[in-house]
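What the coordinates show
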Amino acid sequence: MARNIDIVCVENPAELVAEKLAAAARAGGNVVLTGGTSVAHAYERAAALEPDWSKVDVWFTDERCVPTEDDRSNYKLVHDTLRVSGARVHRMRGELGRDEGATLYEQELGSLERFDLVLLGLGPDGHIASLFPLQPTLDVTERKAIGAEAHLEPFVDRITLTLPILRAAREIVFLVTGESKADAAVRAFDGEPSRETPGSLVRAIRGVTTAVLDSAAAAKV
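Residues numbered from 1 in each chain as written. Predicted model: local features only at pLDDT ≥ 70, side-chain atom pairs only at ≥ 80, totals over all residues. Heavy atoms only, no water.

What follows concerns the sheet that holds strand β7 (residues 145-148). Adjacent strands of a sheet pair through backbone hydrogen bonds, lying either parallel or antiparallel. Reading across from one edge, β4-β8-β7 is the order of the three strands in this open sheet, with antiparallel pairing throughout. Two strands in the sheet have a free side with no partner beyond their single neighbour: β4 (62-64) and β7. Between one strand axis and the next, the sheet turns by 20° as a mean value, whatever way the strands run. Relative to strand β8 (residues 158-161), β4 is paired through three bridges, and the arrangement is antiparallel. Of the residues in β8, the one forming a bridge with Asp-62 is Thr-160. Relative to the sheet, helix α4 (residues 98-109) contacts β7 and β8, its axis offset from that of β7 by approximately 165°. (Pairing = 2+ DSSP bridges. Helix = DSSP H or I, 4+ residues; strand = E, 2+ residues; numbered from the N terminus. Axes fitted to C-alpha atoms, helices over the stretch in contact; angles between N-to-C directions. Contact = heavy atoms within 4.5 Å.)

The structure is reproduced here in structure tokens:
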């Protein structure tokens, strides 16, 4: 049985997530964006649905420690697809390295305790943001942003938000597509919470959590 999460299987999950992003842009507040292959189409569509992001503070779930022009950069993905025109963009400074970059992001988050919307993907290994299975980063409770080692390609250091700040969000939305995510999806959304599948650990404590999947990703849920 799925735990504290609404599972939605649709033919075009990117469209549904784009509509949620556009609505968040109109409402304003603090929106957390992510990287990964599943989200680019959602970002492009959201930019068409709502080009004005001036009411929004944009944050990031995680970032690779690469320059902003590097194709592996989550910031570059958002910049090139969603564009977030007019938004206050709070970029993780991956080019400074994981420790300094995480410290600066923690300072930038300041007294912010709760995001309005967090968008997450899900890796084939069940990771979310840059929180990987069975790693000590899953146990961090006193910080909002930390450095992390990569445990899959590309093997570059990361900066990531921690579980407590993710769980505090008013709304969490997972976007998961493709057959390669089917095993991870059933573990994350239909199984017991487990450090072996970090996605299973992320539910909004005082909010709503939704997983939006295509039929391939939802095949075993």
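This part covers the sheet that holds strand β6 (residues 117-120). One open sheet accounts for seven strands, arranged β1-β10-β9-β6-β2-β3-β5; its pairing is parallel. With one partner strand each, in any of the chains shown, β1 (6-9) and β5 (88-89) form the two edges of the open sheet. Pairing between strand β2 (residues 29-33) and strand β3 (residues 56-60): five bridges, direction parallel. Bridging across to β3, Val-32 finds its partner in Trp-59. Those strands touched by helix α6 (residues 182-190) are β1, β9 (171-176) and β10 (208-213), and its axis lies near 160° from that of β10.

Before going further, it helps to spend a moment on the environment of Pro-164. With respect to the element layout, Pro-164 can be found in helix α5 (residues 163-167). Counting along the chain gives 75 residues from Pro-164 to Val-89, while the straight-line C-alpha distance between them is 22 Å. Other than its neighbours up to four places away in sequence, Pro-164 contacts Val-140 and Thr-141.

Secondary-structure assignment places Thr-137 in the loop between β6 and β7. Judged by its relative accessible area of 13%, Thr-137 falls in the buried class. Beyond its immediate sequence surroundings of up to four residues, Thr-137 is in contact with Leu-131, Phe-132, Ile-146, Gly-147 and Ala-148. (Buried < 20%, exposed > 50% of the residue type's maximum accessible area, 1.4 Å probe, protein only.)

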